[in-house]
Amino acid sequence: MKNGNIKNTKKEILSDNWYTLNKYTFDYQKEDGSWETQERESYDRGNGACILLYNTQKGTVILTRQFRMPTYVNGNENGMMIEVCAGVLDGDEPEVRIKKEAEEETGFRIEKVEKILTGYTSPGAVTEIMHFFIGEYDANLKIGEGGGAEDETENIEVLEYAFDEALRMIGTGEIMDVKTIVLLQHAQIQGIFL
């Protein structure tokens, strides 16, 4: 199907509390040339960045655990999620922001990161573009406890897992965060731990 034309776009803010929920009404031209009016809601939380911290000598990765309300209300009994370090860009360039997030959340000051891809996280409902990074860590880079920024009420637990254990946890459902799965599978496909 070709990309249809859009006209008469109207935007209505439904909520502007934590982030912004917009309702869009627009006319969409179908492939046969006819027009139809459509309505969609879109949640704008800003763009983000995430990083898999890895140590090839130890064969380990750094992950985090924190409470995620949306998962709690959608079947995750305790709402806790095991994830890679991530955050909203807040006006920073992705590489700058992910280095800050790594330090805030994990306590590691990472100097060198590698961007591996960029993608929409949930294009049917969320505007977010996520920038995916990997970066190597070791004990010398640990400058703090991590746990997240005080003013963001994150309460993050820093976890270190053997890479093989983290991969196993995808299969058991212990890791269900898609950005984490993407980065762990990238590491496996690229043979980072070989």
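Residues numbered from 1 in each chain as written. Predicted model: local features only at pLDDT ≥ 70, side-chain atom pairs only at ≥ 80, totals over all residues. Heavy atoms only, no water.

Visitor: How do you make sense of the environment of Ala-166 when you look at a structure like this?
Guide: The residue Ala-166 is located in helix α3 (residues 163–172) in this model. Take Ala-166: its relative accessible area is 0%, and that puts it in the buried class. Remark: the alpha-carbon pair of Ala-166 and Ile-62, spanning 104 residues in sequence, is separated by 9.7 Å. Not counting chain neighbours up to four residues away, the residues in contact with Ala-166 comprise Val-61, Leu-63, Tyr-161, Ile-175 and Leu-184. (Helix = DSSP H or I, 4+ residues; strand = E, 2+ residues; numbered from the N terminus. Buried < 20%, exposed > 50% of the residue type's maximum accessible area, 1.4 Å probe, protein only. Contact = heavy atoms within 4.5 Å.)

Visitor: Just checking my understanding: could you explain unusual backbone geometry for this structure?
Guide: With the exception of glycine, most residues fall at negative phi, and the peptide bonds are largely trans. Residue Asn-8 is not a glycine yet carries a positive backbone phi of 55°. Relative to the helices and strands, Asn-8 resides in strand β1 (residues 6–16). The class of Asn-8 is partly exposed, set by a relative accessible area of 47%.

Visitor: I tried to follow a nonpolar patch on the surface on my own but got confused; where do I start?
Guide: A cluster of nonpolar side chains, Phe-67, Met-69, Tyr-72, Val-73 and Met-80, forms an exposed patch at the surface whose accessible area comes to about 480 Å². Relative to the assigned elements, Val-73 resides in the loop between α1 (69–72) and β6 (80–83). (Patch = residues over 30% accessible without salt bridge, like charges linked within 9 Å, V, L, I, M, F, W, Y side chains within 5 Å. Areas by Shrake-Rupley, 256 points an atom, 1.4 Å probe, with all protein chains shown as cover. Salt bridge = Lys/Arg side-chain N within 4 Å of Asp/Glu carboxyl O.)

Visitor: Teacher, can you tell me more about the state of the cysteines here?
Guide: What we call a disulfide is simply a covalent bond connecting the sulfur atoms of a pair of cysteines. Throughout the structure, instances matching the rule amount to 0 disulfides. Among the cysteines around Cys-50, which has no disulfide bond, Cys-85 carries the closest sulfur, lying 8.8 Å off. Relative accessible area serves as the criterion here: at 0%, Cys-50 is assigned to the buried category. (Disulfide = S-S within 2.5 Å.)

Visitor: Would you take a moment to explain the packing of aromatic side chains for this structure?
Guide: The geometry of two aromatic rings is summed up by the distance between their centres and the angle between their planes. In total, this model carries 6 aromatic pairs according to the counting rule given. Considering the side-chain rings of Phe-67 and Tyr-72, the 5.9 Å spacing of their centres and the 50° angle between planes classify their relative orientation as tilted. Taking the relative accessible area as the measure of exposure, Phe-67 reaches 40% and is therefore partly exposed. Relative to Phe-193, the ring of Phe-163 lies with its centre 4.3 Å away and its plane at 20°, an arrangement referred to as stacked. Taken together, the residues Phe-163 in helix α3 and Phe-193 in the segment after α4 (178–190) connect sequence positions 30 residues apart. Residue class for Phe-163 comes out buried when judged on its relative accessible area of 6%. Through a chain of ring-to-ring contacts, three or more aromatic side chains come together here, namely Trp-18, Tyr-19 and Tyr-43. (Phe/Tyr/Trp six-rings, centres within 6.5 Å; stacked < 30°, edge-to-face > 60°.)

Worth remembering: the numbers are spatial, not functional.
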